[in-house]
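Structural overview
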Amino acid sequence: MIGTSCVMVSAMKLRLLIVLAACAFPLLAQEVHPDRTVTFTYTAPNAREVSVSGDFGKRGEMTKGEDGVWSVTLGPFEPNIHSYNFSVDGKQVADPLNNRSKPQRSGISNVFEIHGDKPSIWDRQPVPHGVVHLHEYDSKSVGTTRRLRVYTPPGYEAGDQRFPVLYLFHGSGDNEATWTDFGRAHVILDNLIASGKARPMLIVMPDGHTMPPVPRDSPKAAEVRNKNLGSFEADLLSDVLPMIDKLYRTRADRESRAIIGLSMGGNQSLIIGLNHPELFVWVGGMSSAVREPDTQLAPFFKDIATANERLKLLWIACGKDDFLIKENQKLDAMLTEKQVKHTYIESAGGHSWPVWRRYLAE
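Below, the structure is looked at part by part.

**Re the overall build of the protein**
Check the secondary structure of the protein and you find 10 helices and 17 strands. In terms of principal-axis extent, the alpha carbons of the protein reach across some 85 × 50 × 45 Å. By the burial criterion, 50% of the 362 residues in the protein qualify as buried. With an accessible surface of roughly 18,600 Å², the protein has 54% of that area assigned to carbon and sulfur atoms. The average position of the 41 basic charges and that of the 42 acidic charges among the side chains of the protein differ by 3 Å.

Now the structure itself:
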């Protein structure tokens, strides 16, 4: 009995060691090579076709090996943080071997990083770090419990200084966690503050969705978008701003508030920011989904002379390969025609997070 027990215990220990080794040295479905190319693999012996796609703008059709493992090598990629997922016989699936995922409203995308010879602005570096706070609050405007995140700069807890606030919005596929967990907004600000390129500030990142989702091709899509904009604006102005000014040491004046977002959030930041000059004088939009600027910005256009005098900065940027480039070009043309002071930038890239991280740093 003693001998049998020893054998059983040894076998159990062996299995435990194997499990621990697998956790410590996981087998990933993507391998980053020194030349910044990436090999993706996916095991699906019975599949007819497998591909990989992501925010890097390339779909890779994968080739099946004799062992049932599909693979493809893509790149080289520029240093950045990328999301991806697989398509197996037309069905989108996550990487079962990668526990790093991008926070988003639906579906799952996994994450891999390409590092350069020098740290990027979104890489965690040996500098003082701020804190990201998670809040749940009861929104009287929306009538439900909602969530947001707040970044406080290094040293905030130890002092009594008051800080300006940046209100930062995500896109339609994201949630309140995406700007930190995937966009690295807090890391970007840590690095900018440490290098003297940005003043210490708070960043408030709310959930931009107040309405249940509907398909983009739904007949009610436009109606839901407009209702979401209205209820999000009410929540931001009536619930979020007062709560932030009460809970944090903010400089609660318009000269100390900035507002910017990406895609859906870019439309929200431009409409809300420009129509409320009493609250915001630093306004921006990244790859903004601007569909009805002439109607939605009618209050702003009523007195352009006063608007130009009040605004510290109106900053708009979009990638040249972005599917929203024409909408942003039309907005730029409209603002130019109406003689609204603004900065308009077209950069390389499409509708993707590698572009938006750089925009936030700028």
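Picking up after the structure, the text goes on.
**Considerations on the environment of Asp332**
Positionally, Asp332 belongs in helix α9 (residues 325-337). For the pair formed by Asp332 and Phe280, sequence separation is 52 residues and the distance between their alpha carbons is 20 Å. Ignoring sequence-local partners within four residues, the contact set of Asp332 consists of His342 and Tyr344.

**Comments concerning the packing of helix α4 (residues 221-247) against helix α5 (residues 264-275)**
Viewed as axis vectors pointing N to C, α4 and α5 meet at an angle of 60 degrees, and their least axial separation amounts to 11 Å. Judged on the interaxial angle alone, α5 and α4 are oblique. Considering the relative orientation of α4 and α5, their crossing is right-handed. Contact residues: Asn228, Leu229, Phe232, Glu233, Leu236 and Leu237 in α4; Met264, Asn267, Gln268, Ile271 and Ile272 in α5. Here the contact of α4 with α5 is built from residues that sort into 7 nonpolar, 3 polar and 1 charged.

**A word on the sheet that holds strand β15 (residues 282-286)**
Taken in spatial order, the 8 strands line up as β10-β11-β13-β12-β14-β15-β16-β17 in an open sheet, and their pairing is mixed. Two strands lie at the open edges of the sheet, namely β10 (131-139) and β17 (343-347), each paired on one side alone. Sheet twist, expressed as the average angle between the axes of neighbouring strands with direction ignored, equals 20 degrees. Pairing of strand β12 (residues 165-169) with strand β14 (residues 257-261), which is carried by 5 bridges, proceeds in the parallel orientation. Paired with Leu166 across the strands is Ala258, a residue of β14. Each of β10, β11 (144-152), β12 and β13 (202-206) is contacted by helix α3 (residues 185-194), which is oriented at about 25 degrees to β11, the strand it contacts most.

**A short note on the packing of aromatic side chains**
Following the criterion strictly, the structure yields 18 aromatic pairs and no others. With a centroid separation of 4.9 Å and 50 degrees between ring planes, the pair formed by Tyr42 and Phe86 is classed as tilted. With Tyr42 in strand β2 (residues 38-43) and Phe86 in strand β7 (residues 80-88), the pair connects residues that are 44 residues apart, well separated along the chain. Taken as a pair, Tyr42 and Phe86 share a single burial class, namely buried. In this structure an aromatic cluster arises from ring pairing among Phe40, Tyr42, Phe56, Phe77, Tyr84, Phe86 and Phe112. The ring of Tyr156 is capped by Arg249, whose NZ or CZ atom sits 4.1 Å from the centre of that ring. When the ring centre of Phe301 is taken as origin, the NZ or CZ atom of Lys338, which lies over that ring, is 4.9 Å away.

Definitions and cut-offs
Residues numbered from 1 in each chain as written. Predicted model: local features only at pLDDT ≥ 70, side-chain atom pairs only at ≥ 80, totals over all residues. Heavy atoms only, no water. Helix = DSSP H or I, 4+ residues; strand = E, 2+ residues; numbered from the N terminus. Buried < 20%, exposed > 50% of the residue type's maximum accessible area, 1.4 Å probe, protein only. Areas by Shrake-Rupley, 256 points an atom, 1.4 Å probe, with all protein chains shown as cover. Lys, Arg positive; Asp, Glu negative; His and termini not counted. Charge placed at Lys NZ, Arg CZ, Asp CG, Glu CD. Contact = heavy atoms within 4.5 Å. Axes fitted to C-alpha atoms, helices over the stretch in contact; angles between N-to-C directions. Parallel < 35°, antiparallel > 145°, perpendicular 65-115°, else oblique. Left-handed = near helix turned anticlockwise from the far one by under 90°. Nonpolar A, V, L, I, M, F, W, Y, C, P; charged D, E, K, R; others polar. Pairing = 2+ DSSP bridges. Phe/Tyr/Trp six-rings, centres within 6.5 Å; stacked < 30°, edge-to-face > 60°. Lys NZ or Arg CZ within 6 Å of the ring centre and 35° of its normal.

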